Amino acid sequence: MLNVSNKVLQQLAALLLERAGLKITPDGFHSLRLALSTRMPVLGIEEPERYLQRLTGVGGEEELRSLLPLVTVGHTEFFRDAKQFRALEKSVLPDLLARARREMRKVSIWSAGCATGEEPYSMAMVLAELGALSAEVDLWATDLNLAAVEAARQGRFSTRRSISIHPERLARFFRPVEDGHEALPALREYIRFDGQNLAVPVFDKVALNSLDLILCRNVIIYFDLPTIRGLMDRFLSALRPGGLLFLGYSESLFKVYDRFEMIEVDGAFVYRRPPSDKGYRPPPLRIHPYPVSTEPPARAPEPEPFSPAVYARPAVELAQGARPRASTPDTASTRGPGALSGAFPAVRPLPAASTTQASGTQPPATTKTNDLGRPRVTVELPAVSAADAVRTRPTVELPAVSAPARTVTGELPAATAWPKLLPPAERLAMAVRKMTQGDFPAAIQGVQRLLVDEPSDLDALLTLGNLYSLTGRITEAREAFAQAIQREPLCVEARVFGGVAALQAGELREARSELGKALFLEPTLAIGHYLLAQVQERSHDSEAARRSYRNAIAQLRFPQRTLAGHYPEMLDSAEAISRAARYALAALEEQPPH
């Protein structure tokens, strides 16, 4: 590991906080060392002090942007997203393992963007508990950061980073070392680590139709739309027909890529390559596509049928009138964890994770399954200066609202319950429709309930922050955006919407700071330049506002992505941004110089 003094690390952390709003405490200095170990050799720099001078000198911003994604590699943990791992442990991996054994091949899994290895080691532990031998598994774990890959290969984790591992698992799969734990050789045998750039046009190490499962979680949030679509094409080709793709809860292919189909697996929504209609069709996973058809298709008997109890779901009444599924006693526990392996000490099965069900009956959903669009009101922001007030601008009058009534336990009223069976994107779309109709209390309730069920849904969290902002609850809006940044430290949208909230509250210095950080992270974001110009105009800095309006127009030569989160007054197209910026710029040019 590169030897870097604490003084340099503290200076680098201060620079990242100032420029990008990325807060790194001394506990996160490990990720800084990893990032420096990768970037310094690329530039031919051997001394950390010289690299720091490069960052603060001419052209240092571009290098700082190259460093940022590597710094955030430390933001990972074992068994991240409990709902997804419950689906993997209970349904997906047992089925994939049984299928591979029938076909006398290995289970093929790719952990793409594995960082320092917490995800693939979590997968390896689950596979071992399911009785899979390391020889039965091809678990490929890759990352762009070669220093992180080498750290993952060593399998050493501090006490703080291993805190989310259950004590029984920790005792079975790790041995204590100084300041932490080290994975046993028998666990490391399950995984092969490698470097891989996901943005390259061809994956020369991946055969077509070869993978059963890809995990690429909390990675594509850093990619632009063309890169995401190209990556999804390559993932689709690499997966076997019926293969699964797990993304992070803050990531969605909604209106981005439509060649995968979304399915539900034990409460987790994942993407599947549609089974091929030609050639060999693998036995389908016993999981439930959304929406569930009213009549299940007939299936031929399988050579080794699994217990349907593994996939038993509570009976629900669907809006389309589907017949409820009957519950079946759970017999999955007859398979002892690690029964076929013998490589680890035998332990009793871990207690099943519990999930809290919202009380109250769920009303049938009336939304059409293909109605996932985002309603938007594409109007300009209100005039921001005295000179600007003479312009004729359409505005939206927001009604005064109050916080939704709660019970004595703090819960939202059961009578206003929202359907839980719908995918998160569709539930959010329902709340957004309430927002655009002016029903802000109902919209806030809907998003709050969604976040209870899907606490990692970044799109919903950003939307809730915007709802608070629009209804004058600025403190709560700040808290929501701070939570978004805590989950995704490079979240541009949290900075953009935080700047808008500050602008609405008249906190111009805060607004300028937040929008400046957003533009550091994404300099080509035209709406960010436009909003910064609005702040500068209200601050009576006409010259700076002119520059920002011109920058907004100039950045439109680059593809503009749709922001996560929903804000009904946000300019949402290149044409709208160009028209508004040119109009405002023309009005400023007519003003006499001060």
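These remarks concern the structure in this document. From a predicted model like this one, the values you see are computed outputs, not experimental measurements.

**What to know about the overall build of the protein chain**
Next up, step 1: Looking only at helices and strands, one finds 19 helices and 11 strands in the protein chain.
Next up, step 2: Counting every position in the protein chain, which comprises 594 residues, the buried fraction comes to 52%.
Next up, step 3: For the protein chain, contacts bridging at least 24 residues in sequence account for 74% of all contacts bridging at least 6.
Next up, step 4: Of the roughly 27,700 Å² that the protein chain leaves accessible, carbon and sulfur atoms contribute 54%.

**Some remarks on the nonpolar core**
Next up, step 1: L16, L32, I527, Y530 and Y549 are the most contacted members of the largest nonpolar core, which has 86 residues in total.
Next up, step 2: Excluding its chain neighbours within four sequence positions, the residues that come into contact with L16 are G21, L22, I24, L32, L64, L68 and V71.
Next up, step 3: A100, I165, I191 and V265 belong to the second largest nonpolar core, which has 46 residues in total.

**Things to note about the pairing of strand β7 (residues 211–216)**
Next up, step 1: A large share of β7 lies buried, amounting to six of its six residues.
Next up, step 2: Across three bridges, the pairing between strand β1 (residues 107–112) and β7 is parallel. Bridge assignment links I109 to a residue of β7, and that residue is L213.
Next up, step 3: Judged from the five bridges that link them, β7 and strand β8 (residues 239–247) form a sheet pairing that is parallel. Pairing of L213 across the sheet is with L244, part of β8.

**A word on the pattern of salt bridges**
Next up, step 1: Overall, the coordinates contain 32 salt bridges when judged by the stated rule.
Next up, step 2: Note that E150 and R153 form a salt bridge whose closest N and O atoms lie 2.7 Å from each other. Here the residue E150 and the residue R153 both occupy positions in helix α7 (residues 146–154), the gap between them amounting to three residues, near one helical turn.
Next up, step 3: You can call R153 partly exposed: its relative accessible area is 37%.

**Let's talk about the packing of helix α11 (residues 424–436) against helix α13 (residues 458–470)**
Working note: a packed helix pair is described by the angle between its axes plus the distance between those axes.
Next up, step 1: Interhelical geometry of α11 versus α13 gives an angle of 15° and a closest axis separation of 11 Å. What the angle tells us is that α11 and α13 run roughly parallel. As α11 runs across α13, the sense of the crossing is left-handed. Across the interface between the two elements, L428, V432 and M435 of α11 pack against D459, A460, T463, L467 and L470 of α13.

**Quick look at the environment of S513**
Next up, step 1: Position of S513 among the secondary structure elements: in helix α16 (residues 508–521).
Next up, step 2: Measuring from C-alpha to C-alpha, the distance between S513 and A502 comes to 9.8 Å, with 11 residues separating the pair along the chain.

**Re the sheet that holds strand β3 (residues 156–158)**
Next up, step 1: Across the sheet, which stays open at both edges, the three strands sit in the order β3-β5-β4 with antiparallel pairing between neighbours. Two strands close off the open sheet at either side, each with one partner strand: β3 and β4 (174–177). Pairwise comparison of adjacent strand axes, ignoring direction, gives a mean angle of 30° for this sheet.
Next up, step 2: Pairing geometry for β4 and strand β5 (residues 180–183), over four bridges, is antiparallel. In the sheet register, V177 faces β5, and the bridge partner there is G180.

Conventions we followed
- Along each chain, numbering runs from 1 in the same order as the chain's sequence is written.
- Only residues with pLDDT of at least 70 are given local features in this predicted model, and only at 80 or more are side-chain atom pairs given and counted; all residues enter the totals for whole chains, interfaces and linings.
- Based on all heavy atoms of the structure, the side-chain values leave hydrogens and waters out of the count.
- In DSSP terms, a helix is any run of H or I states spanning at least four residues, a strand is any run of E spanning at least two, and both are numbered starting from the N terminus.
- Burial classes follow relative accessibility: with a 1.4 Å probe on protein chains only, a residue under 20% of its type's maximum area counts as buried, one over 50% as exposed, and anything between as partly exposed.
- Between two residues, a contact is recorded if the distance between any of their heavy atoms is within 4.5 Å.
- Using a 1.4 Å probe, accessible areas were evaluated by the Shrake-Rupley method; residue-level cover was limited to the displayed protein chains.
- Residues grouped as a nonpolar core are buried Ala, Val, Leu, Ile, Met, Phe, Trp, Tyr and Cys residues, joined through side-chain atoms within 4.5 Å.
- At least two DSSP bridges between two strands are required for those strands to pair.
- Within this document, salt bridges are pairs made up of a side-chain nitrogen of Lys or Arg and a carboxyl oxygen of Asp or Glu, the two lying within 4 Å of each other.
- With axes taken as lines fitted to C-alpha atoms, and helix axes fitted only over the stretch in contact, angles between N-to-C directions fall between 0 and 180 degrees.
- In what follows, roughly perpendicular refers to angles from 65 to 115 degrees, roughly parallel to angles under 35, roughly antiparallel to angles over 145, and oblique to any angle outside these ranges.
- The crossing is said to be left-handed when, going from far helix to near helix, the turn is anticlockwise and less than a right angle, and right-handed when the turn is clockwise.

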